[in-house]
Protein chains: 2
Amino acid sequence: MAVAGAGVINGDLDAGAAAEGLMYPPDPASKMISTIGGNVACNSGGPHCLKYGLTADYVVGMTVVLADGSVLELGGRIRKRSSGYRLMHLFIGSEGTLGIVTRVIVKLIPRPRHHAAAMVGFETIEDAAAAVRRLLQSGHFPAALELMNQGALEIVGRLLPAGFKPGHEAVIIVEQDGNDREQVLLQLAEMVEILDGVDNRVAQSEAEREGIWNARRHFGRVLVEQRKNVFSEDIAVPIAMIPEMVHRFQALAEKHRISMPTVAHAGDGNLHPTLVFEEDQRHLVGPIAAQIFRDAVELGGTVSAEHGLGALKRDFAALEHGEAEIGWWRRLKEVFDPAGILNPHKVFPEQAADEHFLDQLPGWAVKLPSGRHRSEVAT
Amino acid sequence: MAVAGAGVINGDLDAGAAAEGLMYPPDPASKMISTIGGNVACNSGGPHCLKYGLTADYVVGMTVVLADGSVLELGGRIRKRSSGYRLMHLFIGSEGTLGIVTRVIVKLIPRPRHHAAAMVGFETIEDAAAAVRRLLQSGHFPAALELMNQGALEIVGRLLPAGFKPGHEAVIIVEQDGNDREQVLLQLAEMVEILDGVDNRVAQSEAEREGIWNARRHFGRVLVEQRKNVFSEDIAVPIAMIPEMVHRFQALAEKHRISMPTVAHAGDGNLHPTLVFEEDQRHLVGPIAAQIFRDAVELGGTVSAEHGLGALKRDFAALEHGEAEIGWWRRLKEVFDPAGILNPHKVFPEQAADEHFLDQLPGWAVKLPSGRHRSEVAT
């Protein structure tokens, strides 16, 4: 177990765990800057959540300050509890709108001693999406299974491992972990064979593994450094729907002649299409994003896989959840925060979901700044 | 993913998953008779929840009928969702008091191809408890880590693996799983060495592994067959507190001259002390159980690890959670079931927690029947 104040950085918590031979698995790409409190507020995920689960799966206790000023201590240092309502889980993922989580107790697990990763290239994005399904049906349980499309590869080109051929329409990064190095490498080799790409590179050292992950991890940072106008999204669909969703991204990008590099936690069906736009394309962002949200819901997915609804996507919540469910959310909000003082204008729809949603955001929500991730600002 | 009506038997769901090379990990000892709906109502665990997590960690969607007669569809076939309140998780573990779950969608994971188990004997229960901590700190991540004390071993004596010496004060069953047989056996051997018992038996075949588990799994059944008067409990404490809790069990048993065989999901700190009593000891059951509940809470634990509060333990909820937290439960109950028609007289305390709690149970709660598990009847 670890006890952490809400402001503890995710990566620092995991580093502390590592010093004891333990691991805190949920690892958002922002783990070096994001806090545990924020992770709990959005039930954050990350590449390794495929195998190890989300933030909510690790929280066993919390201190939460309620709107009436009272302080609740929920849960504790035990892994199992079937005693009364799971109040704690109502605060997880509620984006600070029901109470303010100030401290959490999280489960830790034994840290695997060895990791191995490979990058596998595909001629088409459809081939890559099919490979994801094939691997997940093979009996292997990868520690991570990430996908990058051609647009994303172009952005991070200089960070790709030396010798990896450029020009693929998609690559998959697959990782395995475990306590026996030989076994981890063997499993990885089997998974690479099942993925069956046209090119692959298996990391032969820890440095090479870092190299493979570099391209994926620094995708967002490179966009910021290039001072691009960026609108980064975060949807999820059932695994079987990844090919269709990716196809719809491509059709949207082509129709609007806009660049849409995409990275994905493919094993979770969690896709991050990223609109990179010129100034004169700014008016396209709202309509394209709205279409992506509608498509995700139509395919049985969600408008937010790991970043919350915030102000940005609140109006799309009704598409996904329906008015009846949101009615129950409102009743819960009324119970815990009747005066509406906790993180107002978040989560709950305030107007109809349409392509003008960006223009309708309240004044305090920064409008599509240059070189920043819009969704991270607004959520 | 699997979609299951609430009445589907846990073991049948897992067998269906197995046919596809998949696994539904939460495995209560009652998996061949308990339903998924019941598992969701109590957020059930089981031996393999140490490595794989509890019922709540696998539920991604549900249909729930509310007290007002409306039907909500929550979640769906995706593994990640950070979109709005986690309403679903309020129904999980609420024992049918907030809504009636009629259907669930659960995550499945790749089924490990190989399992290996060993039984390790200890001279003292303290040695066994220390071994549990040592193993969990070693970097190994066992698939299951179960403990039985001397009293439990005497009950299942004839089911112990042939050749395993009787008379130990405790045994630990340790299991590992994975896709490579040699590696699984190697890890198991390392874990047996770390456990460092005075006797051990590593299963050399699937039949021998079944043999090792037989003793553990049929503990409850043997008690029923022997038509003993039984009161079986279900508490959890932090791992570090297992030795102290076990010490208190022994002191209680000696003080009252009562038999208290104990089985435990030791890796989760979840202990099942079982009072086996003669007719003239019936009056001791309430006071002993009440003391166990108080001890568990005092050591940072819970009065119910995996079976819910029901009517039996409802009055002890306040010891564990405090009046403030239970006040919030009452407000939630008021929101979802204002007329109190859903599973009344469960979960919420109705009178002071004291040693007479068994006498104060309402008439419909069967009173300590012979040869049945009292806690399973009442919860």
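Here goes a summary of the coordinates provided.

### What about the overall build of chain A?
- Summing up its helical and strand segments, chain A has 13 helices and 14 strands in all.
- The C-alpha atoms of chain A give 21 Å as radius of gyration, which agrees with the globular expectation for 379 residues (21 Å, within 12%).
- C-alpha extents for chain A along the principal axes are approximately 60 × 55 × 35 Å.
- Going through the 379 residues of chain A one by one, you find that 61% of them count as buried.

### Brief notes about empty space enclosed by the protein
- In the structure shown here, the tally under the stated rule is four cavities of 30 Å³ or more.
- Within this model, the largest cavity holds a volume of roughly 1,000 Å³.
- Taken together, 48 residues make up the lining of the largest cavity; nearest its centre are A:K51, A:Y52, A:F141, B:K51 and B:Y52.
- Counting residues per element, the ones that place at least two in the lining of the largest cavity are helix 3 (49-52), strand 6 (109-110), strand 9 (170-178) and helix 7 (181-195) of chain A together with helix 3 (49-52), strand 6 (109-110), strand 9 (170-178) and helix 7 (181-195) of chain B.

### Some points on the packing of helix 5 (residues 125-136) of chain A against helix 10 (residues 242-256) of chain A
Residues and elements named next belong to chain A.
- The geometry of helix 5 relative to helix 10 is characterised by a closest axis approach of 9 Å and an angle of 155 degrees between their N-to-C directions. As far as their axial angle goes, helix 10 and helix 5 are roughly antiparallel. Seen from above, helix 5 lies across helix 10 with right-handed handedness. For the pair helix 5 and helix 10, contact is made by I125, E126, A129 and V132 and by I242, P243, V246, H247 and Q250, respectively.
- Of the residues assigned to the contact of helix 5 with helix 10, the class counts are six nonpolar, two polar and one charged.

### Considering the side chain of A:K313
All names here are of chain A.
- Here K313 shows up in the loop between helix 11 (282-298) and helix 12 (317-336).
- At 2.9 Å, the side chain of K313 forms a polar contact with the side chain of E233.
- With near-sequence residues (within four places) excluded, K313 lies in contact with E233, D234, F293, V303, S304 and G308.

### Structural notes on the pattern of salt bridges
- Applying the stated criterion to the full structure yields 42 salt bridges over all chains.
- Among the salt bridges present, the one from A:E320 reaches B:R81, with a minimum N-O distance of 2.6 Å. Within this pair, whereas A:E320 is found in helix 12, its partner B:R81 is found in the loop between strand 4 (71-75) and helix 4 (87-91), the two belonging to separate chains.
- Where B:R209 meets B:E206, a salt bridge forms, and the shortest distance between an N and an O atom there is 2.7 Å. With B:R209 and B:E206 both in helix 8 (residues 206-217), this residue pair falls three residues apart, about one helical turn.
- Members of the salt-bridge network, linked through shared partners, are A:E244, A:R248, A:D295 and A:E298.

Procedures and definitions
Residues numbered from 1 in each chain as written. Chains lettered and ligands numbered in written order. Predicted model: local features only at pLDDT ≥ 70, side-chain atom pairs only at ≥ 80, totals over all residues. Heavy atoms only, no water. Helix = DSSP H or I, 4+ residues; strand = E, 2+ residues; numbered from the N terminus. Rg over C-alpha atoms; globule rule 2.2 N^0.38 Å. Buried < 20%, exposed > 50% of the residue type's maximum accessible area, 1.4 Å probe, protein only. 1 Å grid on protein atoms, 1.4 Å probe; cavity = no way out; pocket = protein on both sides within 12 Å on 5 of 7 lines; lining within 4 Å. Points joined across faces, edges and corners; volume = space filled by probe spheres on them. Axes fitted to C-alpha atoms, helices over the stretch in contact; angles between N-to-C directions. Parallel < 35°, antiparallel > 145°, perpendicular 65-115°, else oblique. Left-handed = near helix turned anticlockwise from the far one by under 90°. Contact = heavy atoms within 4.5 Å. Nonpolar A, V, L, I, M, F, W, Y, C, P; charged D, E, K, R; others polar. Polar contact = N/O pair within 3.5 Å; in protein donor to acceptor, adjacent residues only side chain to side chain. Salt bridge = Lys/Arg side-chain N within 4 Å of Asp/Glu carboxyl O.

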